[in-house]
Amino acid sequence: MPRSNRPRRTGSAKASWKRTGESPELDLERARSGIARRESAPDGDWMVRTMTARKAEKTYICPGCSMAIVPGIAHLVVWSETHLFGDAAGLAERRHWHNNCWTGRTYRYR
C-alpha cells in the first residue's frame, strides 16, 4: 500500500500559520529587552540592559537624580562588569537608571 503524505490531524493549532501563509508577528520590544550591552567609561566597564515599560513593575530610585522610577516607565538596568569581588557581586549591586540620567553622566568625565 502506498504511503499517504497528507497530514493526519486537521486543525492543529501549531501549524495553522503554515496553512494560511502568514507568519506570527514578532514583538521587537520584547526581543531587544533581554540583551545586555557593554559600555566603557572612565569609571569602569558597565553592562547595560534596557527595561521596557511593560516589564517595569516596581518603583526604584535612580542614582543619577535621586528621583523615583515608577512602574510603567522604561529605564536601564546597569551593573559593573569589573567589580572588585567578581561578576556575581557586580550583578547583585545592579542599579536602575533613567535613560537620560545614564547618558548624561558621561558628560561629568569630560
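It should be noted that the structure appears before, not after, this text.
Here the structure is a predicted model, which is why all the values come from computation and not from measurement.

**Observations regarding unusual backbone geometry**
The phi dihedral of S66 falls on the positive side, at around 60 degrees, and the residue is not glycine. Following the sequence through the fold, S66 ends up in the loop between β3 (60-61) and β4 (68-69).

**With respect to the pairing of strand β5 (residues 75-80)**
As a general feature of sheets, a regular strand has side chains that alternate between the two faces. In terms of burial, β5 is largely enclosed, as 6 of its 6 residues are buried. Alternating residues of β5 divide into H75, V77 and W79 and L76, V78 and S80, and every residue in both groups is buried. Here strand β2 (residues 44-51) pairs with β5 via 6 bridges, running antiparallel. Bridging across to β5, W46 finds its partner in S80. Pairing of β5 with strand β6 (residues 95-97), which is carried by 3 bridges, proceeds in the antiparallel orientation.

**Structural notes on the pattern of salt bridges**
Enumeration over the complete set of coordinates arrives at 2 salt bridges. As a salt-bridge pair, R38 and E81 come within 2.7 Å of each other at their nearest N and O atoms. With R38 in strand β1 (residues 36-41) and E81 in the loop between β5 and α3 (87-92), this pair connects stretches of sequence that are 43 residues apart.

**Some remarks on the side chain of R105**
Following the sequence through the fold, R105 ends up in the segment after α4 (99-104). According to the relative accessible area criterion, R105 is buried, its value standing at 4%. Leave out the neighbours within four places in its chain, and R105 touches A41, D43, W46 and W97.

What counts and how
- Residues numbered from 1 in each chain as written.
- Predicted model: local features only at pLDDT ≥ 70, side-chain atom pairs only at ≥ 80, totals over all residues.
- Heavy atoms only, no water.
- Helix = DSSP H or I, 4+ residues; strand = E, 2+ residues; numbered from the N terminus.
- Buried < 20%, exposed > 50% of the residue type's maximum accessible area, 1.4 Å probe, protein only.
- Pairing = 2+ DSSP bridges.
- Salt bridge = Lys/Arg side-chain N within 4 Å of Asp/Glu carboxyl O.
- Contact = heavy atoms within 4.5 Å.

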